[in-house]
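Chain residues, written in single-letter form:
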Amino acid sequence: MVQVITASRPEWIAPFTGLEPAQFRKLVRLVAKRGGDEIADGRPGRQWALPLADRVLLAATCWRTNLTMRQLGPLFGVSHSAAHRVIDTIGPLLALAPVRKRRVDAVAIVDGTLAPTRDHQLATPSKNYRYSTNVQVAIDAETRLVIATGDPQPGSRNDCTVYRACGIAEALAGRPVMADGGYQGNPEVVMPYRKSRDGSELPDWTEDLNATHRTIRARVEHVLARIKELQNPSRLPPRRQHPRRHGVRNREPAQHPSRRLTATPAPPTTTPVTRQPLDDGGNADDRRAVLRYAQRAEPVVIAVSCGVRQVGSW
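The following paragraphs examine the structure supplied in this document. Nothing here was measured: the structure is a model prediction, and the numbers come from that model.

## A few points about the side chain of Gln 136
Along the chain, Gln 136 falls in strand S3 (residues 131–140). Take Gln 136: its relative accessible area is 0%, and that puts it in the buried class. Here the side chain of Gln 136 touches Asn 134 through a polar contact of 3.0 Å, side chain to side chain. Among the polar contacts listed, one links the side chain of Gln 136 to the side chain of Asp 159, at a separation of 3.2 Å. Once residues within four sequence positions are removed from consideration, Gln 136 is found in contact with Val 110, Asp 111, Gly 112, Ala 148, Thr 149, Gly 150, Asp 159, Val 162, Tyr 163, Cys 166, Ile 168 and Tyr 183.

Here you go:
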C-alpha cells in the first residue's frame, strides 16, 4: 500500500495540523518525551508500521479532519486497524496537561453547543439540519479554559433540560455559574433579567447588569468558536477562516489536541461568593458580586506546545 501523506514532506504538515514544520517537530519531540520507550522507533519486539513523526501526523489529521479509520489508513499506507492503534496510543499524549486544583468560588460560564455525530442512536435532527448532540461546556471566567463538559444528549433537547441531565450541574456544584436566558428552571444559574409578562420595560439598573452579563458571557462563545473552527493553534487570537464543517464524531468538544494551554493567573484575593437562587425580585447584590468577580481581567500566561507564547489577558 502506497503512503500518500508523510511528515517527511513539509507541505503536508500545515494543511493537516495547522503547525509550521518547526513547530510540528517540537510537538513530535514532546510526544516522544511523554511516551518513552513504548512509542519509540526501534523498540524491542513488534515494530510500528510508521515512524513516530508520521504517527503524530496521523493522530493530528484524525482530530483535525474527523476522517474515518478506513479513510486514514490508505492515506498513510497502513490498515485501518493499524491507524486505530496509532490513535489510541498517540492521542492521549496530545491531551492537555493536568492543571492545578481550581478554586470552588471561581465563576464558571456554561453554554451548550451542537456537535454533529454519526452515532444516530444518540443524535437527533437539530436546528443545524444535521444529526447532532447537545453538549454542555463550562469554562473558567478568568482563564477561559474548559473546566467541565457534560455527557452528550440528543440535540433536539433544550439547554435547560440538558443542563440537569448531563451531569455538568453536579460537576459545578458549589460555585457561581453564569449562562444565557435559556436556562430557566435552574435557580442556581445566574441569568440576565427578563421583562415581566405584562411587557413593561426593565429599570435602568437591570439593563446595566444585563449589558455586563452579556459582555462576560460572550467569552464562552469565543471558546466554542475556537473549538469548532479548529484554528491554527500558533496564532492567538486566531485568524479568520472559513469554519470547517467536518463535524465531531463520537467526541465531546475539547481544546484542540495539538494545543497545550496552561494558565497561571495571579492569586485572587476576592471574598468567595455564595451562590443563591436569583430571581427578578431580589438578591441583586449577589448578582452584582458575581459579575464584578467575573469581570476581573487577571494576567494569564499562555504556553502553547508548538512554541508560541503570549502574555496578557485574552
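Additional details are given in the paragraphs that follow.
## Things to note about helix H4 (residues 69–76)
Those residues of H4 that fall on the buried side of the exposure criterion are Met 69, Leu 72, Gly 73 and Phe 76. Buried residues of H4 fall within an arc of 105° about the axis and therefore sit on the same side. Of the residues trailing H4, Gly 77 is marked for its positive phi of about 70°.

## Describing the pattern of salt bridges
Tallied over the entire structure, the rule returns six salt bridges. With a closest N to O distance of 3.7 Å, Arg 217 and Asp 111 form a salt bridge. Of this pair, Arg 217 sits in helix H8 (residues 204–229) while Asp 111 sits in strand S1 (residues 108–116); the two residues are 106 residues apart in sequence, bridging distant segments of the chain. Residue class for Asp 111 comes out buried when judged on its relative accessible area of 3%. Notably, a salt bridge pairs Glu 201 with Lys 195, separated by 3.6 Å at the nearest N-O pair. Given the relative accessible area of 48%, Lys 195 is considered partly exposed. When salt bridges that share partners are traced, they join Asp 111, Asp 180, Arg 217 and Glu 221 into one network.

## A word on the packing of aromatic side chains
Pairs of aromatic rings are described using the distance from one ring centre to the other and the angle between the two planes. Applying the stated criterion to the full structure yields three aromatic pairs. Aromatic side chains Tyr 163 and Tyr 183 sit 5.7 Å apart centroid to centroid with 90° between the ring planes, which places their arrangement in the edge-to-face category. Residue Tyr 163 is located in helix H6 (residues 159–165), and its partner Tyr 183 is located in the loop between strand S6 (177–178) and strand S7 (189–190); the two are separated by 20 residues in the primary sequence. Grouping residues by exposure puts Tyr 163 and Tyr 183 together as buried. Judged by centre distance (5.6 Å) and plane angle (75°), the rings of Tyr 193 and Trp 205 are edge-to-face. Note that Tyr 193 is positioned in the loop between S7 and H8 and Trp 205 in helix H8, a separation of 12 residues in sequence.

## Some thoughts on the pairing of S1
Here S1 lies mainly inside the structure; nine of its nine residues are buried. Neither face of S1 is exposed, since Ala 108, Val 110, Gly 112, Leu 114 and Pro 116 on one face and Ile 109, Asp 111, Thr 113 and Ala 115 on the opposite face are all buried. Alignment of S1 against S3, held across nine bridges, turns out to be antiparallel. Residue pairing across strands places Ile 109 opposite Ile 139, the latter belonging to S3. Bridging between S1 and S6 involves two bridges; their strand directions are parallel. Paired with Ala 108 across the two strands is Val 177, which belongs to S6.

The rules we used
- Residues numbered from 1 in each chain as written.
- Predicted model: local features only at pLDDT ≥ 70, side-chain atom pairs only at ≥ 80, totals over all residues.
- Heavy atoms only, no water.
- Helix = DSSP H or I, 4+ residues; strand = E, 2+ residues; numbered from the N terminus.
- Buried < 20%, exposed > 50% of the residue type's maximum accessible area, 1.4 Å probe, protein only.
- Polar contact = N/O pair within 3.5 Å; in protein donor to acceptor, adjacent residues only side chain to side chain.
- Contact = heavy atoms within 4.5 Å.
- Arc of directions from axis to C-beta.
- Salt bridge = Lys/Arg side-chain N within 4 Å of Asp/Glu carboxyl O.
- Phe/Tyr/Trp six-rings, centres within 6.5 Å; stacked < 30°, edge-to-face > 60°.
- Pairing = 2+ DSSP bridges.

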